[in-house]
Amino acid sequence: MKTPFVSKEKLEEIIREIPTPFHIYDEKGIRENARRVREAFSWNKGFREYFAVKAEPNPAILQVLKEEGCGCDCSSLTELMMAKAIGCGGELTMFSSNDTPDEEYVMANEMNAIINLDDITMIDSFAKAVGTFPKTMCCRYNPGGVFKVSNGIMDTPGDAKYGMTTDQIFKAYRILKSNGVENFGLHSFLVSNAVTNDYYPMLAKLLFQLAVELQKDTGCHISFINLSGGIGIPYKPGENEIDIYEIGEGVRKAYEEVLVPAGMGDVAIYTELGRFMTGPYGALITTAIHEKNIMKHYIGVDACACNLMRPAMYGAYHHITVMGKEMAPYTNIYDVTGSLCENNDKFAIDRMLPKIDMGDILYIHDTGAHGFAMGYNYNGKLRSAEVLLHEDGSFTKIRRAETPADYFSTFEEMPFYGKLMEQL
Ligand SMILES: *Cc1c(COP(=O)(O)O)cnc(C)c1O
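Keep in mind that this is a model prediction, so the values were computed, not measured.

Chemist: Explain the packing of helix α2 (residues 27-40) against helix α3 (residues 59-67) to me, and be specific about the residues and the numbers.
Modeler: Put simply, α2 and α3 touch, their axes get as near as 9 Å, and they point 40° apart. What the angle tells us is that α2 and α3 run oblique. Seen from above, α2 lies across α3 with right-handed handedness. Contacts between α2 and α3 involve Glu 27, Ile 30, Arg 31 and Ala 34 on the former and, on the latter, Ile 61, Val 64, Leu 65 and Glu 67. In terms of residue class, the contact of α2 with α3 is made up of five nonpolar, no polar and three charged.

Structure follows, in structure tokens:
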């Protein structure tokens, strides 16, 4: 059973002010979860979670996480700008990007962010863009092959575009050291949405062993290891929920087995979790506006894939609660659709749900990460508002919905711009 974090009455109150569709976030849930992550890794003195900004790029959410001790993990210019705006300069920002434009290195360097190089050629790119190297730098590792955890193969790093090979990372460390870099980080991201407690501990062990070799072989001082993102959440009811305390404990064991005996017990552990930090604490709120019965039964809602792309993009499951009908029998099989001229614009296919009436409020679960963030403007659709529900039940609009004026604004130098704007 999946339960909404907000009541039907509260949603009706919000909708009177902010029409559907919108994404809503649960501040209490985000804070409590961030505290659990911190506690799970509290055995490590330098631990820090750098929230992956791309998962939910809203300064209000970044601010909440910052108050819970999180930094920002950025991978683009605008993400860096948001991190800077909320005061995450210096070591509070990690810049983990790939195929990086020069201007982004310049910006990250100006912010004194910790820069993670995705490729050995990026050493030259960075030098050309910035000039001198900061004292601390990080390199991203790709072990290649397939990555196996105890319950099966999880992903194929060998097919991924990210990171440096083992050979390259040894070379990269030497080159950086000869350019005056003094503190080194090691980073790797192998799996997304891993719903097993094994992933982090296994990745940690692999990185710890490499770190010991790297430090021995190159003489470089490794000051942190970044396990990046990838810890998953249960999108389906009854799906395995990971235990962050067990994960923290698993990483600690690997740390004590590998790093401590090598005299590297001062290495800080960083994470860059996105989905795990905010995913379950966001929902897309939409209203049923049409019912259509042909070969199948369709419920048309006022949100579409532009508001939540995951089902259309990878057939991802998002649970749906019909507000006020939590206890009603699940009697109907529906496709729940948006209005895009794209047949993949479906939030649910052949889903058993209670009978839906027009005007019913649908709560689409687990949209707090990679939800609004993946939004787009296909079919001229406008991005929705975002709402933050506070612990005391009050709420704040943390982003207004786009208007046609926003959509047309990039035409402002075009001759027909006036004709568009006069219709508003
Ligand atoms: C996407 C991303 C993350 C976050 O991934 P999640 O699966 O949401 O935890 C972290 N680091 C980097 C470099 C990423 O690209």
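Here the narrative resumes, following the displayed structure.
Chemist: So what about the sheet that holds strand β6 (residues 136-140)? Which residues, and what values?
Modeler: Taken in spatial order, the eight strands line up as β2-β3-β4-β5-β6-β9-β10-β11 and close into a barrel, and their pairing is parallel. Strand after strand, the sheet turns through a mean of 25° between neighbouring axes, direction not considered. Relative to strand β10 (residues 221-226), strand β9 (residues 183-187) runs parallel, the two sharing five bridges. Note on β10: the bridge partner recorded for Gly 185 is Phe 224. The strands touched by helix α8 (residues 199-218) are β9, β10 and β11 (268-271); relative to β10, the strand with the most contacts, the crossing angle is about 165°.

Chemist: Explain the pattern of salt bridges to me, using residue names and the numbers behind them.
Modeler: Within this structure, the stated rule accounts for 24 salt bridges. Ionic pairing is found between Glu 12 and Lys 8, a salt bridge with its closest N-O pair at 3.5 Å. Here Glu 12 pairs with Lys 8, and both are found in helix α1 (residues 8-17), just four residues apart, close to one helical turn. Lys 8 sits in the partly exposed class, given a relative accessible area of 30%. Where Lys 28 meets Glu 32, a salt bridge forms, and the shortest distance between an N and an O atom there is 3.3 Å.

Chemist: Can you explain the environment of Gly 250? Please cite residues and give values.
Modeler: Take Gly 250: it is sitting in helix α9 (residues 244-259). Residue classification places Gly 250 among the buried residues on the basis of a relative accessible area of 18%. Between the alpha carbons of Gly 250 and Lys 325 there is a distance of 41 Å; along the sequence they are 75 residues apart.

Chemist: Residue-level account of the layout of surface pockets, with values.
Modeler: It is the rolling of a water-molecule-sized probe over the atoms that shows where space remains empty. Computed from the structure, the largest pocket encloses a volume of approximately 900 Å³. Lining the largest pocket are 32 residues, with Lys 54, Tyr 162, Phe 189, Ser 192 and His 370 sitting closest to its centre. Of the residues belonging to the lining of the largest pocket, the class tally is 10 nonpolar, 12 polar and 10 charged. When its volume is computed, the second largest pocket comes out at roughly 470 Å³.

Chemist: So what's going on with the packing of aromatic side chains? Residues and values would help.
Modeler: Applying the stated rule across the entire model yields 17 aromatic pairs. Look at Phe 5 and Tyr 363: their rings are 5.8 Å apart centre to centre, the planes differ by 75°, and that puts the pair in the edge-to-face class. Placement of the pair is Phe 5 in the segment before α1 and Tyr 363 in strand β17 (residues 361-364), with a sequence separation of 358 residues. Members of the aromatic cluster, joined through ring pairs, are Phe 41, Trp 43, Phe 47, Phe 147, Tyr 199, Tyr 200, Phe 208 and Tyr 255.

Chemist: Quick one: what's the story with the environment of Glu 110, residue by residue and with numbers?
Modeler: Residue placement: Glu 110 occurs in helix α5 (residues 102-110). When the C-alpha positions of Glu 110 and Val 130 are compared, they lie 9.2 Å apart, and in sequence the two are 20 residues distant.

Chemist: Talk me through the pairing of strand β19 (residues 395-399); I want residue IDs and the actual numbers.
Modeler: Sheet topology places strand β18 (residues 385-389) next to β19; four bridges connect them, and they run antiparallel. Across the sheet, the residue bridging to Val 387 is Lys 397, located in β19.

Chemist: Residues and numbers for the environment of Thr 166, please.
Modeler: In this structure, Thr 166 sits in helix α7 (residues 166-178). Its relative accessible area of 34% is what places Thr 166 among the partly exposed residues. Distance from Thr 166 to Tyr 141, taken between C-alpha atoms, is 7.2 Å for residues 25 residues apart in sequence.

Chemist: Please set out the nonpolar core residue by residue, giving values where relevant.
Modeler: Leu 117, Ile 169, Leu 186, Phe 208 and Ile 225 are the most contacted members of the largest nonpolar core, which totals 88 residues. Counting residues per element, this core draws most heavily on α8, which supplies 10 residues. Once you skip the residues sitting within four places of it in the chain, Ile 225 turns out to touch Leu 186, Leu 207, Phe 208, Ala 211, Leu 259, Val 267, Ala 268, Ile 269 and Tyr 270. Formed by 16 residues, the second largest nonpolar core is a distinct cluster that contains Ile 299, Val 301, Val 322 and Leu 353.

Chemist: Explain empty space enclosed by the protein to me, using residue names and the numbers behind them.
Modeler: Within this structure, the stated rule accounts for one cavity of 30 Å³ or more. Size it by volume and the largest cavity reaches roughly 50 Å³. Forming the walls of the largest cavity are Arg 140, Tyr 141, Asn 142, Pro 157, Ala 160, Tyr 162, Gly 163, Ser 188, Phe 189 and Leu 190. Residue classes in the lining of the largest cavity are distributed as six nonpolar, three polar and one charged.

Chemist: Any details on the site of the ligand? Residues and values, ideally.
Modeler: Around the ligand, the structure places 15 residues, and the nearest of them are Lys 54, Gly 230, Glu 272, Arg 275 and His 370. Note that an oxygen atom of the ligand is positioned 3.4 Å from one of the side-chain N or O atoms of Ser 192. Within the contact set of the ligand, an oxygen atom lies 2.8 Å away from a backbone nitrogen or oxygen of Gly 230. Its atoms largely coinciding with the cavity grid, the ligand occupies the largest pocket. Within the shell around the ligand, the residues separate by chemical class into three nonpolar, seven polar and five charged.

Chemist: Which residues make up the side chain of Asp 119, and what values do they have?
Modeler: Topologically, Asp 119 is positioned in the loop between β5 (114-117) and α6 (121-130). For the buried Asp 119, which has no salt bridge, the nearest side chain bearing the opposite charge is Arg 140, at an N-O separation of 10 Å. For Asp 119, the side chain forms a polar contact with the side chain of Thr 121, separated by 2.6 Å. Those residues in contact with Asp 119 that sit more than four places away from it in its chain are Gly 163, Met 164 and Gln 168.

Cut-offs and rules
- Residues numbered from 1 in each chain as written.
- Predicted model: local features only at pLDDT ≥ 70, side-chain atom pairs only at ≥ 80, totals over all residues.
- Heavy atoms only, no water.
- Axes fitted to C-alpha atoms, helices over the stretch in contact; angles between N-to-C directions.
- Helix = DSSP H or I, 4+ residues; strand = E, 2+ residues; numbered from the N terminus.
- Parallel < 35°, antiparallel > 145°, perpendicular 65-115°, else oblique.
- Left-handed = near helix turned anticlockwise from the far one by under 90°.
- Contact = heavy atoms within 4.5 Å.
- Nonpolar A, V, L, I, M, F, W, Y, C, P; charged D, E, K, R; others polar.
- Pairing = 2+ DSSP bridges.
- Salt bridge = Lys/Arg side-chain N within 4 Å of Asp/Glu carboxyl O.
- Buried < 20%, exposed > 50% of the residue type's maximum accessible area, 1.4 Å probe, protein only.
- 1 Å grid on protein atoms, 1.4 Å probe; cavity = no way out; pocket = protein on both sides within 12 Å on 5 of 7 lines; lining within 4 Å.
- Points joined across faces, edges and corners; volume = space filled by probe spheres on them.
- Phe/Tyr/Trp six-rings, centres within 6.5 Å; stacked < 30°, edge-to-face > 60°.
- Core = buried A, V, L, I, M, F, W, Y, C linked by side-chain atoms within 4.5 Å.
- Near = heavy atom within 4 Å.
- Polar contact = N/O pair within 3.5 Å; in protein donor to acceptor, adjacent residues only side chain to side chain.
- Sits in = over half its atoms within 2 Å of the grid points.
- Lys, Arg positive; Asp, Glu negative; His and termini not counted.

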